[in-house]
Amino acid sequence: MASAENMEISDIACVILAGGRSRRFGKDKGLATVHGKLMIEHSIERLRAQTRGQIVINARRGSDYAKLGLDIIEDALTDVDGPLAGIHAALAWAEHQNLAAVITSAVDTPLIPEDFISALSRTGNPAVATYNGQVHPLHGYWPVNCKDRLEQLLNNGTRTAKAWADVSLAMQCEFEASYDPFFNVNTGEDLIDAHMILSKLEAST
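From a predicted model like this one, the values you see are computed outputs, not experimental measurements.

## Details of unusual backbone geometry
Here the phi dihedral of His35 falls at roughly 55°; this positive angle occurs in a residue that is not glycine. By the secondary structure assignment, His35 is in the loop between β2 (33–34) and β3 (37–38). Look at Asn98: it is not a glycine, yet its phi comes out positive at around 60°.

## A look at the sheet that holds strand β4 (residues 55–58)
By way of backbone hydrogen bonds, the strands of a sheet pair with one another, either parallel or antiparallel. As summarised here, the arrangement of the 7 strands in space is β5-β4-β1-β6-β8-β7-β9, forming an open sheet in which the pairing is mixed. The sheet terminates laterally at β5 (72–73) and β9 (171–175), the two strands that pair on one side only. The sheet contact formed by strand β1 (residues 14–17) and β4 spans 4 bridges and is parallel. Its bridge partner lying in β4, Cys14 is registered against Ile55.

## Notes on the packing of aromatic side chains
Here the distance between the centres and the angle between the planes together describe a pair of aromatic rings. Summed over all chains, the structure comprises 4 aromatic pairs. Measuring from centroid to centroid gives 5.5 Å for Trp142 and Trp164, while their planes differ by 40°, and the two rings are tilted. Residue Trp142 is found in strand β8 (residues 134–143), and its partner Trp164 is found in helix α5 (residues 161–167); the two are separated by 22 residues along the sequence. With relative accessibility at 0%, the residue Trp142 sits in the buried group. Its relative accessible area of 0% is what places Trp164 among the buried residues. Members of the aromatic cluster, connected to one another through ring pairs, are Phe116, Phe175 and Phe182.

## A short note on the pattern of salt bridges
Going through the model one piece at a time under the given rule, you end up with 8 salt bridges. Residues Asp166 and Lys162 are paired through a salt bridge, measuring 3.4 Å at the closest nitrogen-oxygen approach. Of this pair, Asp166 and Lys162 both sit in helix α5, 4 residues apart, which is roughly one turn of the helix. Overall, the relative accessible area of 48% leaves Asp166 in the partly exposed class. Sharing partners across several salt bridges, the network here consists of Glu95, Lys147, Asp148 and Glu151.

## Some details on the nonpolar core
With 27 residues, the main nonpolar core has Leu47, Phe116, Leu120 and Phe175 as its most contacted residues. Among the secondary structure elements, those contributing two or more residues to this core are β1, α1 (39–48), β4, β6 (101–106), α3 (116–120), β7 (127–131) and β9. If you tally residues by element for this core, the top one is α3, at 4 residues. Residues contacting Phe116, with those up to four places away along its chain left out, are Leu47, Gln50, Ile103, Thr104, Ser105, His139, Phe175 and Phe182. Counting 26 residues, the second largest nonpolar core, distinct from the first, contains Ala85, Ala89, Ala161 and Ala165.

What counts, and at which threshold
Residues numbered from 1 in each chain as written. Predicted model: local features only at pLDDT ≥ 70, side-chain atom pairs only at ≥ 80, totals over all residues. Heavy atoms only, no water. Helix = DSSP H or I, 4+ residues; strand = E, 2+ residues; numbered from the N terminus. Pairing = 2+ DSSP bridges. Phe/Tyr/Trp six-rings, centres within 6.5 Å; stacked < 30°, edge-to-face > 60°. Buried < 20%, exposed > 50% of the residue type's maximum accessible area, 1.4 Å probe, protein only. Salt bridge = Lys/Arg side-chain N within 4 Å of Asp/Glu carboxyl O. Core = buried A, V, L, I, M, F, W, Y, C linked by side-chain atoms within 4.5 Å. Contact = heavy atoms within 4.5 Å.

Structure (C-alpha cells):
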C-alpha cells in the first residue's frame, strides 16, 4: 500500500456519500434533477475532472444509484445510522482496495470546487473542507489508518461528523469562491438556488 503522503492526486479515489434518507427533501436528493442533470451527476463530473481514481457511491441496498454504472458500497456497520456510517464504509472499502486514503463528498452538494481533491489531500493528513469559517466535515480526506479510530468513536455512541473531525485531528482546508461550494440541498427552494448558481457558472465560462 502506498503511503498517503506519496499518493498521486490523479489517482485518489472518491466516495460520494448517498446513504441518507432525505427526510426533509421527501425523496432521494441525489436523484433530483438540477440544471438538466441528476444532482449526483454534477458531483460525479466535478470529481472526474480532478482524478483518474475510482469514484464509488455509498448508498443503501436496492438504491437506484446502481443505474449510474458506478460501484455501490453499503454501510459496513449496519447498527449505525447517519453520515459517519458512510465515512466508515468509505474507509473500509479503501482498505479492501489496498488504498492509502479516500476523499468523501456528500451527494447533496453539487457545487464542489475544482481544486477540491488537490487542496484536501495536500498534506496527506486528515482534512475537512471549510468555507467562510464553516466546517463541512463530510467533505474530507481520510487516510485508511483512521478507520480503527472511527470505529472506536462509533462504539462509544458518537454519531456527529463534527466530533469525528475533531477526534481525527483533521486539518481545516479553507476554500474561496464567490458562492458557497458546499451549499447543500435540503428543500425544493434549495434546489432552485442550486440551479441558479449552476446557471451563472455556466454563463461565465
